[in-house]
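This is what each chain is made of:
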Amino acid sequence: MNTHSEKRQDAMAGNIADNTSTATSPPTSHSSLDTEEKTAASVTGPNEYSAREQRHSLTSKVVTTAKFPSQKYRSEHNVFQRIGMHGGPITVASIRFPSPSPSFLRKHLHEDGGNDENIERSHGKLDTDCKLERKNSLYHVLRSQGRVVFARGPWIESHILFPKKGKEEPCVDDDDDGIKEESSSNLKNFRNGPIEVKTYKILAFGENNDGGNSTFEGVNGMVFPSSSSDLSSVKDFHAESLHEKSVRNEKRWKLSNLASIVAYGGRRLGFLSGGGLWNSSHNNNNDLGCFNSNAGDDEFATIPICKSRNKGKEAYASYLEVSDWIHDARVLDRDWNQSQACSTNQSGPEYAFLVALGMANNFCEIWGFHSVAPHPDMSLKYTNTQVDDNVALVPTILQCITCDVRCMTYSISFFGWNQSDESGVNNSHPLPSLVTASGTVFGEILVWGAVSNEAKGSRLNSDVKDENCLNETARKWFSSIGGIEDSAKRLRSGSIFETSTRRVSPSHRLKGHLGSIFSLKFWKNGIYIASASDDRSVRLWKLTDLGNSYGDNTNLEDDNKQSKDFIVNPQSSHSYTLIWTGWGHTARVWNVAFASFQSNAGESIPILISAGEDSTARVWSPLTSEKEIAHPLRGHRCESLWSVDECEGIIVTGGNDGCVKLWDLESRLRKLGTCTASDNLKKGIVTLSVPNDSLVQSASTPDPNQEKEFYTSDLDKDVHQTDSISFAKKQKFAPKKKSNSKGQIICGIEFFSDKNGKVANKLLIVTRGGGCFSLDLVLQSWAIHNNWDQSVFSLDDGKVIDLDPSMGSCVGVHPSGRQALVGTTEGWIVMASLSKNRDVHNLAFNRPSYRPAQSMSWIDNNNFLVFCARGSVIWWQLDSAQYLSPKTTPKVLCIMTLGTAGIPLCHAFDSERNNMFIGDSRGNIAFFNLNRVFASDDNQRAAQNPDRILSRVHDKEHVTGITILKKSGVVLSVGNDGCIHHSRVDHGDLKKLTRIPIPNVTGLRHIWNVRQPNGGESAVIGGYCGNDFLVFDSFLGYEFLRISTGGRQRRQDLFFTFADYSRRGPFLYGAAVVVGHKDGSNSIDFHFSHQFNDYISDLDCIWQTHDIKEFYSIGPSAHAEKVNDACWVECGRESIYLLTGSNDCLIKLSKFENDRFISVAELPPHESCVRGVCSSRHKDSSVSLIVTCGGKLSMEFYLLDHQVIQTSGGCKPSINSNVAFLCSYRTLAKSTIDHRMNVVRAIPLLPADSRCHLCLAGDSDGVLHLVVISELGNSRGTTIGNLISYSGRPILCIDLLRCRDRILAFVGTTSGDISVWDFPGTSILKDGNCSPDCLEGKVPNRPVFVFKAHKAGVNDLSVGSLPISSAPMNFCVYISSVSDDQTISICALYISVHSSQLCLKTSFLTVLQRASFSPLKSIKLVLDQSTFHQIYVSGHDEQISLFKLGTTENQQPWIKFVSSSPIGTDGSCLACFHFKKQGCPTRLIGSVGGDGIEIFSLDFEILHAAKALTEANYLLITAGK
């Protein structure tokens, strides 16, 4: 599978040797080549340079060949510590729940929780209600302990499913969670929130390639012996049967006590224990493992595997390497009850089980594993991997079953050998059946029996000898393993168990797919097979009896054992038939999974969930619908979703972005009305007709004493009539002037609560006909209030005024829900009563010079804002009564004038800092410091101008929403341009930060600040994708909600709350969309969550909150494609950040803290791929320059401002990090998409107070782009630089180095040449304009030195310098580089700097050949005189290697191999930095990028010890726990 890696392993069989080379002539075999290279390095074309400017030639060149130690030495002397993966594809993900032990069931199923006698006496005393209560209690306890387990590259991680709720949180009412008081302290802990459990992770196959030659480390699948994917045993509750079955299985199956995960990937198979997955190897005193107070005791541990080699000497590995790629695996434990009853030998192994492996070339291998006591000299020890040294496993291959149809397969799925199987491995019964379905590259599905219990003499087994049957082979194996001592002796003696072989013909060949089949799954006793293919389809196949009517499989479904035999029995009349094909994915479908759902008849029907290359997961119901039954699940910011599964109603998906997403299946289905419900309330949408406006005829001035007549208008049949409310009234007044409108026009719509600000339970509609209607969301009934334009008294003079209702423009409901403000285009603000008392008059007030009223918003019970269309916002304040009356008049607190041509549309008020932010219709944001406004007297508060206006932050589109992140003070705004803009108030001034476009939206309408379970803040955004309204997480892209509204031009309103512990999305939501009809009437489409009717009626315990209580995304948002470049950004001693750029056009900044990453910011994407990133910082500065480059010769500059905020009371200071856009670099000539910048590097210029940096970038045409950038920026937002044409060959790598007041640039190209350039290192600012002309000195147009380092292109280079103690002005500069020719090149330049002039004295070149058997892509040079000079390299061999750099007496550099370690990525980029934490030794932290980023570290204390041992020529042996 990996030829380069295998070749390299074969070449590493020699002993370690010193690669030190003297400055002598190279070997004869290299003489001609060396002469050619020296000539190329010393001869210059006649038109390039004059004789006086001739380039220097190399003083000496030496070519050596790398010699590596043996693989055993490399494995046992690994100095690297692998920390983890940041990003990378999620290849498999699942949710696991505990399988309760008998002691746990005794505690939770019976009140006395006592002995078996009490249990037997209590069986007949449990009534139905008590059983149901205990069932719910047990179910919630077990479900609360669920864990999400997934594989990211070679790493396996285990995370808690439900976050900690807090120990001090009050218990939830019994009616809410269905849990009653229990005597058990465990249940009390559950009510207060699950005990906090840490996250576990481990390398699935260890840190080294110690088990074989395969270098592929990725995990493709996992089997979980100690946990379950559902709680069906608890759902089908019967206390007696559940307890007895648990006791029987505890004595019968022992594998769950040993291993928690069986992982496989590539050709590797590994066994793990711990990880919080309830195997008892680490929690012998714990009933369940989930209430373990000492969580550190349950760390992952590798179970070593014994192997015999080196003349029978016992050896151990962390994994077993098999002969082919593994697609699926099943584990069958030994039935210890039957085995002990039938066996006279009681000294057998403690553990013995079988493992079936489905291989890529369409065959199956059966392996037997049994336990032995590990040898005292076991050498399997890692720096970052715990090893279970209590037991080791001995593998034995028992049988190889080959399908007659030999072909390459992309998927294999087993049916059988599950935990629910009643029979295991024993001596008295045949093995359970195991059915195999394999998907070929030709679009065909083959179903065949890997293990079958057919009678002897049948056609299936007619050619199989009795001694070659798997049953007979397994019996022989069990007899041969004997006791532990006998097994150990047989292992050490090197004896091998004879393996049997068998060939099987396929029982079924299913044809229908038009491409390769990537996934297969069985369901319902093997009756259904789901398949996913390259042809973008999902298909369902059903096992039918051709002899009976179509689909009549009742008896087959009821008999689990019989169904497996019938599948592969050639004499059976059953056959698989294609019954359904699902089309919907727009790209290849990678995976498919089954889920169960209750149909209308109460029976379980199959639900399919598929994941594909179109970045979506889709939900299907093949037996009830041809189309999807829910909106596609969108939440991954990548193309490919590799993993999908459903566990206990929760869908879990994993993709290329390195994140695991969680979805609630039930809520997704019910939103489209697919659940079983008779009333419309549970279908998620109802349509209600808006009542007709009152037919009002009145005089211009109404007479209060005049008699009025009331009548009820003809309302829609859905309107609920009550005796206490009159629906409409008609008054005998003189007719008003006719309106031009021909139908009902709604001027305002808003959700509100009439229970003091809790979750909205009503909807207010205000029309331009004077109508004022409120809809009760629970009863689905309308209440008709007084017309808002009738009986209106002016608060200025107390007189009745005549208002034209057709001038109504907006509405705003008081937080109490008792009154509503209605604004008009004439500037009047009407306070309309919403009470049932119809004698209450409406009150009005205005500010004549400020009109018309565009919208209104309440700040609190006493303050509200009126947005005027002419660019002003009026802040009105009520008295302490909190509502208007004829005796109270609101006062104007201040008037804020925007000073722009736009109409104010939205606002955000920061009450802590007294800042107001207002967005308008022209894309501007105005900032008002209200401390300054309120400090002035009342006369000066009118027409206050903004402190700052950010112009066109959303182009010229509407600013539709603003919110503030409380912790950081960052202001987030959204608009119709589809972007989210970040800004921040800094020293009283609002400054722009970044502007991020949101993909796949046509306009954004709302933004909310949401608090995450970990206490962090994020933004949830509402916007449009075509006619669908979406609610999603802006940073993660997770889609909570999708509603079809008919377009964003319709009037609508929305509310939601996350206040629940069991939903990943809005717990309650409601959306009202106005739909106009041709007859002039209107209706409301009311969309709501399926829990709405159950909870909205009890508002005493439901508050509208935006606190998310559940994890819906695990893992930081990472890149979806290959990482091209990465660099560490240092901001003082407080924090370290990793900056990465990728082919997905994104740039991400992540904070490294406690050996893990925290996502900080995502920078605006490039138009094409990002090829290079870098940073630069002046010493002791809190600001770092960030530079990115990519396609179309684009280069962007940002500032990372890292502020440490000191807190009072001795608390730990908080850190505030913000990224602000500085400017863009553009060339004058137009660039094409394939004309790109390949690399960029930056370095600070002197003096430091100039705050300038030199940036040098190289493009694909061989041109250098020199830019001098200032941290102060410029008003244009763009900058230009100098273009330096060089060789015409694409530039691949650059590095910069300061030598006193000079800057040396080292440039590598595709020709294999490295050139050295001399640039001035000091800047002189001219009139604040920063450009290359401000450099103190001449910008060169040619290099000072060029040498040929490689035969192929220079992929990467790294430089460093050391001062020469004998001459302070002299330096030794080391240039290290790598290439596709698998060589490492080291050039030593000895230079001197005098009077700002650089002089090159001598140069030495050493080339290390065959440093790898695959292309080397990245290199990092670390000069450290305290230990030794280090060279780190990585490449396509997925290894990180450390070499030692030294020099001979003749100043010739030499390179010596030290150590290497496998990594989980292809090594496209490499970055290192020295990390010093207070009280801890200095560590070197490195990152290797590719498909994800792997982080490694290296302890310098180990390097010091290695150096001392090397010099002393001693061997150090260490021991420890």
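Residues numbered from 1 in each chain as written. Predicted model: local features only at pLDDT ≥ 70, side-chain atom pairs only at ≥ 80, totals over all residues. Heavy atoms only, no water.

### Here's the deal with the sheet that holds strand 85 (residues 1384-1394)
1) Next: Reading across from one edge, 1-86-85-84-83 is the order of the five strands in this open sheet, with mixed pairing throughout. The outermost strands of the open sheet, each flanked by one partner alone, are strand 1 (60-65) and strand 83 (1354-1364). The mean inter-strand angle of the sheet, taken between neighbouring strand axes irrespective of direction, is 20°.
2) Next: Relative to strand 85, strand 84 (residues 1367-1379) runs antiparallel, the two sharing nine bridges. (Pairing = 2+ DSSP bridges. Helix = DSSP H or I, 4+ residues; strand = E, 2+ residues; numbered from the N terminus. Axes fitted to C-alpha atoms, helices over the stretch in contact; angles between N-to-C directions.)

### Focus on the sheet that holds strand 87 (residues 1416-1422)
1) Next: The four strands lie next to each other as 87-88-89-90, forming an open sheet whose pairing is antiparallel. Among the strands making up the open sheet, the edge pair consists of strand 87 and strand 90 (1453-1462). Averaged over all neighbouring strand pairs, the angle between strand axes comes to 25°, with direction disregarded.

### Some details on unusual backbone geometry
1) Next: Following arginine 851, the chain continues into proline 852 via a peptide bond in cis, with omega recorded as -5°.
2) Next: Positive phi, close to 65°, is recorded for aspartate 1180, a residue that is not glycine.
3) Next: Relative to the elements of secondary structure, aspartate 1180 occurs in the loop between strand 70 (1170-1176) and strand 71 (1183-1190).
4) Next: Unlike most non-glycine residues, glutamine 1382 shows phi in positive territory, near 60°.
5) Next: As for its position among the elements, glutamine 1382 is in the loop between strand 84 and strand 85.

### Observations regarding the environment of serine 1426
1) Next: Along the polypeptide, serine 1426 turns up in the loop between strand 87 and strand 88 (1429-1435).
2) Next: Relative accessible area serves as the criterion here: at 41%, serine 1426 is assigned to the partly exposed category.
3) Next: Separated by 78 residues in the primary sequence, serine 1426 and histidine 1504 have C-alpha atoms spaced 7.7 Å apart.
4) Next: A distance of 2.6 Å separates the side chain of serine 1426 from the side chain of aspartate 1424, its partner in a polar contact. (Buried < 20%, exposed > 50% of the residue type's maximum accessible area, 1.4 Å probe, protein only. Polar contact = N/O pair within 3.5 Å; in protein donor to acceptor, adjacent residues only side chain to side chain.)

### Digging into the confidence of the model for the protein
1) Next: Mean pLDDT over the protein: 77, with 71% of residues reaching 70 or higher.
2) Next: Confidence over residues 340-346 falls short of pLDDT 50; this stretch has five contacts with residues more than four positions distant or in other chains.
3) Next: Within the model, the stretch residues 491-495 combines pLDDT values under 50 with 11 contacts to residues more than four positions away or in other chains. (pLDDT = per-residue confidence, 0-100. Contact = heavy atoms within 4.5 Å.)

### Quick notes on the packing of aromatic side chains
1) Next: With the rule as written, the count across this model stands at 40 aromatic pairs.
2) Next: Here tryptophan 663 and tyrosine 1038 contribute two aromatic rings whose centre-to-centre distance is 4.4 Å and whose plane-to-plane angle is 20°, an arrangement assigned as stacked. With tryptophan 663 in strand 33 (residues 660-664) and tyrosine 1038 in the loop between strand 60 (1028-1033) and strand 61 (1039-1044), this residue pair connects regions lying 375 residues apart in the sequence.
3) Next: Measuring from centroid to centroid gives 6.2 Å for phenylalanine 751 and phenylalanine 1086, while their planes differ by 45°, and the two rings are tilted. Of this pair, phenylalanine 751 sits in strand 35 (residues 746-752) while phenylalanine 1086 sits in strand 64 (residues 1082-1088), and the two are 335 residues apart along the sequence.
4) Next: Taken together, the ring pairs connect Phe271, Phe353, Trp367 and Phe369 into an aromatic cluster.
5) Next: Seen from the ring of tryptophan 155, lysine 201 lies directly overhead, with NZ or CZ sitting 5.5 Å from the centre.
6) Next: One Lys or Arg, lysine 1148, reaches over the ring of phenylalanine 1035 and ends 5.8 Å from the middle of that ring. (Phe/Tyr/Trp six-rings, centres within 6.5 Å; stacked < 30°, edge-to-face > 60°. Lys NZ or Arg CZ within 6 Å of the ring centre and 35° of its normal.)

### Things to note about the pairing of strand 59 (residues 1017-1025)
1) Next: Taking burial as the measure, the nine residues of strand 59 include seven buried ones, the bulk of the element.
2) Next: Of the pairings in the sheet, the one linking strand 58 (residues 1003-1011) to strand 59 comprises eight bridges and is antiparallel in character. By the bridge assignment for strand 59, tryptophan 1008 is matched with valine 1020.
3) Next: Summarising the sheet, strand 59 and strand 60 pair through six bridges and their orientation is antiparallel. Within strand 60, the position partnered with glycine 1022 by the bridge is valine 1031.
4) Next: Counting the residues in the hairpin turn of strand 59 and strand 60 gives two residues, including glycine 1026, whose phi is positive at 70°.

### Observations regarding the pattern of salt bridges
Opposite charge on two side chains permits pairing when their charged atoms draw close.
1) Next: Applying the stated criterion to the full structure yields 34 salt bridges.
2) Next: The shortest N-O distance in the salt bridge between glutamate 1162 and arginine 637 comes to 2.9 Å. Taken together, the residues span a long stretch of sequence, with glutamate 1162 in strand 69 (residues 1156-1163) and arginine 637 in the loop between strand 30 (617-620) and strand 31 (641-647) at a distance of 525 residues.
3) Next: Judged by its relative accessible area of 8%, glutamate 1162 is buried.
4) Next: Given the relative accessible area of 21%, arginine 637 is considered partly exposed.
5) Next: Taking the shortest distance from any N to any O, the salt bridge between glutamate 1162 and lysine 1148 comes out at 2.7 Å. Highlighted residues: glutamate 1162 in strand 69 and lysine 1148 in strand 68 (residues 1147-1153), separated in sequence by 14 residues.
6) Next: By relative accessible area, which is 5% here, lysine 1148 ends up buried.
7) Next: Connected via shared salt-bridge partners are Arg82, Glu217 and Glu1494. (Salt bridge = Lys/Arg side-chain N within 4 Å of Asp/Glu carboxyl O.)

### With respect to the state of the cysteines
1) Next: Scanning the model with the defined rule gives zero disulfides in all.
2) Next: Between cysteine 747, a cysteine without a disulfide, and cysteine 810, which holds the nearest cysteine sulfur, the sulfur-to-sulfur distance is 7.7 Å.
3) Next: Accessibility expressed as a relative area gives 1% for cysteine 747, which makes it buried. (Disulfide = S-S within 2.5 Å.)

### Re helix 13 (residues 470-481)
1) Next: The first and last C-alpha atoms of helix 13 sit 16 Å apart over 12 residues, in line with the 16 Å expected at 1.5 Å per residue.
2) Next: Inspection of helix 13 places Leu470, Asn471, Thr473, Ala474, Trp477, Phe478 and Ile481 among the buried residues, and these make up the whole buried set. Down the axis of helix 13, the buried side of the element spans an arc of 160°, and every buried residue falls inside it. (Expected span 1.5 Å × (residues − 1). Arc of directions from axis to C-beta.)

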